[in-house]
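Commentary on secondary and tertiary structure
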Amino acid sequence: MAVQVEKSRISNPIDFDKNGRQAGVLRAPLARNTSAWGVIEIPIISVKNGKGPTVLLTGGIHGDEYEGPIAISHLARTLDPAKVQGRVIMIPAYNIPAVLNDTRLSPVDNRDMNRCFPGNPKGTFSEMLAHFLDGYILPLADVSVDMHTAGHSADSALSTNMHYLPDPGLRKKTMDAAAAFGAPFNTVFWGVDEGATFTSCVERRGIISLGTELGGWGRVNIEGVRIGRRGVDNILKHFGVIEGEPETQQRDGSAATRHMMVRDPAGYSFAPAAGLFEPTKVVGDAIEAGESAGLLHFVEEVDRAPIEVKYQRDGVLWMSAGPGRVARGDTIGVVMRDYDEALAAA
Ligand SMILES: [Zn+2]
């Protein structure tokens with residue numbers, strides 16, 4: 001490893017150089033009043049055989065996002081090492097305190113783990129997890145697929161996503177991988193708050209990085225699970241880790257993923273006040289600029305008229321507000337448009 005990594009406090013039972021299937025648990029120390037030497041156990045599975053790239057699949061970095069953990073667990077139970085050329089490292093529920101608590105934030109330190117990268121081995125629990133993933137697991141990977149949904153806070157059109165990458169070669173490789181994953185949409189975006197995310201760490205290391213958004217609203221999206229399961233198989237096929245051609249047929253009859261982008265802040269609509277938001281559209285719907293996104297109601301004040309919130313861009317609704325009650329400044333909609341290479345580079 002070229003970069004000197006500060007020693008982690010997390011212990012790892014897997015020998016990543018060993019052929020075959022290994023399943024075990026990472027042990028992350030967590031002292032508490034009832035267990036001074038207690039650890040939190042995090043499932044990890046490595047399947048290796050022959051020569052080929054390493055694909056890292058992670059889920060549960062946010063605890064209330066279900067489709068990725070289901071898809072990765074299924075693969076971890078069923079992937080036959082004899083059919084693998086390369087290595088697949090699977091961590092279906094990495095932030096397990098948040099997963100078992102069914103929350104985005106960790107109940108241990110109240111942090112959003114996906115805002116803790118590159119982490120700190122002597123920091124809070126979430127920072128320790130982030131540091132181990134960045135320092136010990138990522139250097140093994142050629143490709144990373146980190147599976148998310150919009151959790152309780154929103155709903156998402158079923159999609160992969162990636163940052164806009166200035167390097168044209170890596171951008172094309174990543175867009176090709178997204179197309180192979182085969183979600184209905186792949187969204188290229190510039191992000192709102194990206195400096196401390198896992199994606200940013202993956203990119204810093206020059207590794208192919210894909211995220212997913214496969215549902216939300218605090219429930220399991222049935223089609224999101226189907227796309228997620230098919231997607232991880234498709235990624236392994238695309239990189240030659242297992243045999244076969246990716247299946248990318250879409251429910252609407254189209255043959256492939258539609259590449260989209262969220263280029264500028266006008267794609268985001270925010271609640272102008274606290275209230276009860278009644279949306280007009282669901283994710284995946286076509287949007288016209290100036291069209292009503294919905295009404296913000298003030299049911300506690302009988303005579304106060306609702307405020308109409310409008311979309312500012314043409315496109316397709318990528319994200320919509322989750323809970324009915326929103327705070328001022330909450331995102332109530334994100335509109336994506338068809339990917340345009342010239343506009344993206346501008
Ligand atoms: Zn997430």
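Residues numbered from 1 in each chain as written. Predicted model: local features only at pLDDT ≥ 70, side-chain atom pairs only at ≥ 80, totals over all residues. Heavy atoms only, no water.

1. Digging into the coordination of the zinc ion
The condition is simple: Sites may look incomplete because water is not among the atoms; the donors themselves are N, O and S atoms within 2.8 Å of the metal, or within 3.2 Å for Na, K and Ca. Angular criteria define each label, namely tetrahedral for four donors with all angles between 85 and 135 degrees, square planar for four and octahedral for six donors with opposite donors over 155 degrees apart and remaining angles between 65 and 115, and irregular for whatever fails these tests. With a 1.4 Å probe rolled over the protein chains alone, any residue whose accessible area is under 20% of its type maximum counts as buried; one over 50% counts as exposed, and the rest are partly exposed.
Every protein donor of the zinc ion is accounted for by H62 (ND1), E65 (OE), E65 (OE) and H148 (ND1), and the metal-donor separations fall at 2.0 to 2.2 Å. Taken together, the 4 donor atoms coordinating the zinc ion and their angles of 59 to 148° define a geometry best described as irregular. The sequence motif formed by the donor residues of the zinc ion is H-x2-E-x82-H. The two residues H62 and E65 agree in class, both being buried.

2. Structural notes on unusual backbone geometry
Counted only if it meets this: Strands here are runs of E lasting at least two residues and helices are runs of H or I lasting at least four, both read from the DSSP assignment and numbered beginning at the N terminus.
In this chain, F117 is followed by P118 through a cis amide linkage whose omega measures 5°. By the secondary structure assignment, P118 is in the loop between helix 2 (96-101) and helix 3 (125-137). Residue N110 is not a glycine yet carries a positive backbone phi of 60°. Looking at the secondary structure, you find N110 in the loop between helix 2 and helix 3. With a phi close to 60°, W217 is a non-glycine residue in the positive phi region. Examined against the element boundaries, W217 turns out to sit in the loop between strand 9 (208-213) and helix 6 (222-238).

3. What to know about the pairing of strand 14 (residues 292-297)
Side-chain positions along a regular strand alternate between the two faces of the sheet. Quick note on the threshold: Between any two strands, at least two bridges found by DSSP are needed for them to pair.
Summarising the sheet, strand 12 (residues 275-279) and strand 14 pair through 4 bridges and their orientation is antiparallel. The partner of F277 across the bridge, within strand 14, is L296. Note that strand 14 and strand 15 (residues 307-310) share 4 bridges and pair antiparallel. What sits directly across from S292, in strand 15, is K310.

4. Considerations on the nonpolar core
So the rule is basically this: Put simply, buried Ala, Val, Leu, Ile, Met, Phe, Trp, Tyr and Cys residues joined by side-chain atoms within 4.5 Å make one nonpolar core. Contact criterion: two residues are considered in contact whenever any of their non-hydrogen atoms come within 4.5 Å of each other.
Core analysis: the largest hydrophobic core is formed by 38 residues, its most contacted members being L57, L79 and M90. Only strand 2 (39-49), strand 3 (54-59), helix 1 (67-78), strand 4 (86-91), strand 5 (143-148), helix 4 (168-181), strand 9 and helix 6 provide two or more residues apiece to this core. The biggest single contributor to this core is helix 4, with 5 residues. Once residues lying within four places of it in the same chain are set aside, the contact partners of L79 are V47, V84, V88, M90, L236 and I242. The next biggest cluster of nonpolar side chains, apart from the first, holds 32 residues, and it includes I61, I96, F132 and L138.

5. Here's the deal with the sheet that holds strand 17 (residues 325-326)
In spatial order, the strands read 15-14-12-17; together these 4 strands make up an open sheet with antiparallel pairing. A single partner strand is all that each edge strand has here, and the edge strands are strand 15 and strand 17.

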